[in-house]
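Spelled out, the chains give:
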Amino acid sequence: MLVGAVTLSVGLIWAALAWLGVPNRSGQSVTVTEVLEVIKISLAIVAGTGGVVALVVAYRKQRVTEVGEQREQAKLYAERFDKAADKLGSESGAVRLAGIHALASLADDWVSGRQMCIDVLCAYLRMPRGSRPDSTNPEGLVAWHGMAEVRATAIRLISAHLQRGAPIPWHGHDFDFTGVTFDTRASFATAVFSAGKVRFDGAVFSGGRVTFDGAVFSGGTVSFDGASFSGGEVRFLRATFSGSTVSFEDAAFSAGTVGFDEAAFAGGKVRFPRAIFSGGTVSFDGATFSNGTVSYHNAAFSGGSVSYIGALFSGGYVSFGGATFSAGIFSFEDARFATGAITFSGSTFSGGMVRFDRAKFRGSSIGFANADFAGSTVAFDNSIFDYAPLFRHAKFSGGVVDLRLVQWGSWTAHLPEQAPGLLLATTDSVTEDAAES
């Protein structure tokens, strides 16, 4: 650098003197002042260049120092991770509990390794718990309860970091609860799911309560595919769905309760394809659907109840395509359909009951194209229609479709005049109803 600076100085001085005419071929002399001014300018340029070089060298030294510090920090994080993970393999519940807290603390500090810490916490929950010892083994029972507390703590720490006002939020990360058994209380109330994937695939809900009350689903996916609801309660009271997909594909509902009461669906999808409803309760009472879709494609209803009592549909699409109704109760009582559509295309009604009592179809349509009515009761008592229900190519071999107390709009009804089980109002009653409406 010194040699380069000296060389640059001499070169600049020589160039400046040459530009001034030294050596002077015309015989005119150059004053000492001009020469000194040239030298001063040249030295200033060299000094500035040297300063820039010094700054570059200092920056590179700083970068090297920072990289070294980052390596040391990463090494420290790795050591903390190893120690915390080792604790999870301890035979002592207290030691495992310390490991759970250590991993959560590390996830807060280690942004780049946060997902890895979350993955380990979720993996711990997915590990087999073992059966609960009976009263003849008191020591084993105490140990079992200790391990159950470790699992409950892991769920509490995860849910706390998903809260809307969490000091250090874990929003947008992936959470895998595949196959986890929930038989005690767990709360994801006011959680924010803005991205990523949250999986409850194959999870077993056999007791307790898992709540998503007030949760916000604005992106990503939440899946309960293949989950088993054999007891307890899963609740989404007043949750908001504005862009996510919530899926219950192949889920089995044999007992317990799943509730979306007063939830708001402003976008996204709720899916129950091939789900089996043989018991329990699924409710969307008071929910609002302003966009998005709800799908029960090829679902089987053989028991229990599904209700949309008082729900408001102001947009979107509800599909029961290919669903089978052999038992149980499905209710849209007091529901309001302002826009959008609901279809039972290709569904089979062989038992149970579907009720639309006092439902209002204002600007919306409902269709039963290619449906097979073999044994169910579908009732529209005191319902109001702007557009006629569509029964194109529907089969009426049994059961009852009761349209006797319907209030029609100004359209002309195009319904089958004679079909087994299809109960229509008489001409006089239709005229009276139309006049009253």
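Our structure is the block above this text.
Novice: How would you explain the pairing of strand β9 (residues 228-235) if you had to name every residue and give the values?
Specialist: Relative to β9, strand β6 (residues 204-211) is paired through six bridges, and the arrangement is parallel. When the bridges of β9 are listed, Val210 appears paired with Val234.

Novice: How would you explain the sheet that holds strand β20 (residues 317-319) if you had to name every residue and give the values?
Specialist: Taken together, nine strands build an open sheet; the order of strands is β1-β5-β8-β11-β14-β17-β20-β23-β27 and the sheet is parallel. The sheet is open, and its two borders are formed by β1 (175-176) and β27 (365-367), each paired with just one other strand.

Novice: Break down the pattern of salt bridges for me, citing the residues and quoting the values.
Specialist: Here the structure, examined in full by the defined rule, presents 17 salt bridges. The residue Arg355 makes a salt bridge to Asp381 at a minimum N-O spacing of 3.4 Å. Linking Arg355 in strand β25 (residues 353-355) with Asp381 in the loop between β29 (377-379) and β30 (384-385), this pair joins segments that are 26 residues apart in sequence. Two residues, Asp386 and Arg362, come together in a salt bridge whose shortest N-O distance is 2.8 Å. Taken together, the residues span a long stretch of sequence, with Asp386 in the loop between β30 and β31 (395-396) and Arg362 in the loop between β26 (360-361) and β27 at a distance of 24 residues. Relative accessible area serves as the criterion here: at 43%, Arg362 is assigned to the partly exposed category.

Novice: Pulling in residues and values, what's your account of the packing of helix α3 (residues 93-109) against helix α5 (residues 138-161)?
Specialist: Relative to each other, α3 and α5 sit at 15 degrees, their axes nearing to 9 Å. By the angle class used here, α3 and α5 are roughly parallel. Helix-helix and strand crossings are classified by hand; for α3 and α5 the assignment is right-handed. Seen from α3, the contacting residues are Gly93, Arg96, Leu97, Ile100, His101, Ala104 and Asp108; seen from α5, they are Met147, Glu149, Val150, Thr153, Ala154, Leu157 and His161.

Novice: Account for the pairing of strand β18 (residues 300-307), naming residues and giving values.
Specialist: Looking at chain direction, strand β15 (residues 276-283) and β18 are connected through six bridges and run parallel. Within β18, the position partnered with Ser278 by the bridge is Gly303. Where β18 lies against strand β21 (residues 324-331), six bridges are found, and the strand directions are parallel. Across the sheet, Phe301 pairs through a bridge with Phe325, a residue of β21.

Novice: Any details on empty space enclosed by the protein? Residues and values, ideally.
Specialist: Over the atoms, a rolled probe matching the size of one water molecule traces out where space is still vacant. Under the defined criterion, the tally for this structure stands at three cavities of 30 Å³ or more. Estimates place the volume of the largest cavity at around 70 Å³. Taken together, 16 residues make up the lining of the largest cavity; nearest its centre are Phe301, Ala327, Gly328, Ile329 and Phe330. Of all the secondary structure elements, the ones that give two or more residues to the lining of the largest cavity are β18, β21 and β25. Split into classes, the residues belonging to the lining of the largest cavity amount to nine nonpolar, seven polar and no charged.

About the thresholds
- Residues numbered from 1 in each chain as written.
- Predicted model: local features only at pLDDT ≥ 70, side-chain atom pairs only at ≥ 80, totals over all residues.
- Heavy atoms only, no water.
- Pairing = 2+ DSSP bridges.
- Helix = DSSP H or I, 4+ residues; strand = E, 2+ residues; numbered from the N terminus.
- Salt bridge = Lys/Arg side-chain N within 4 Å of Asp/Glu carboxyl O.
- Buried < 20%, exposed > 50% of the residue type's maximum accessible area, 1.4 Å probe, protein only.
- Axes fitted to C-alpha atoms, helices over the stretch in contact; angles between N-to-C directions.
- Parallel < 35°, antiparallel > 145°, perpendicular 65-115°, else oblique.
- Left-handed = near helix turned anticlockwise from the far one by under 90°.
- Contact = heavy atoms within 4.5 Å.
- 1 Å grid on protein atoms, 1.4 Å probe; cavity = no way out; pocket = protein on both sides within 12 Å on 5 of 7 lines; lining within 4 Å.
- Points joined across faces, edges and corners; volume = space filled by probe spheres on them.
- Nonpolar A, V, L, I, M, F, W, Y, C, P; charged D, E, K, R; others polar.

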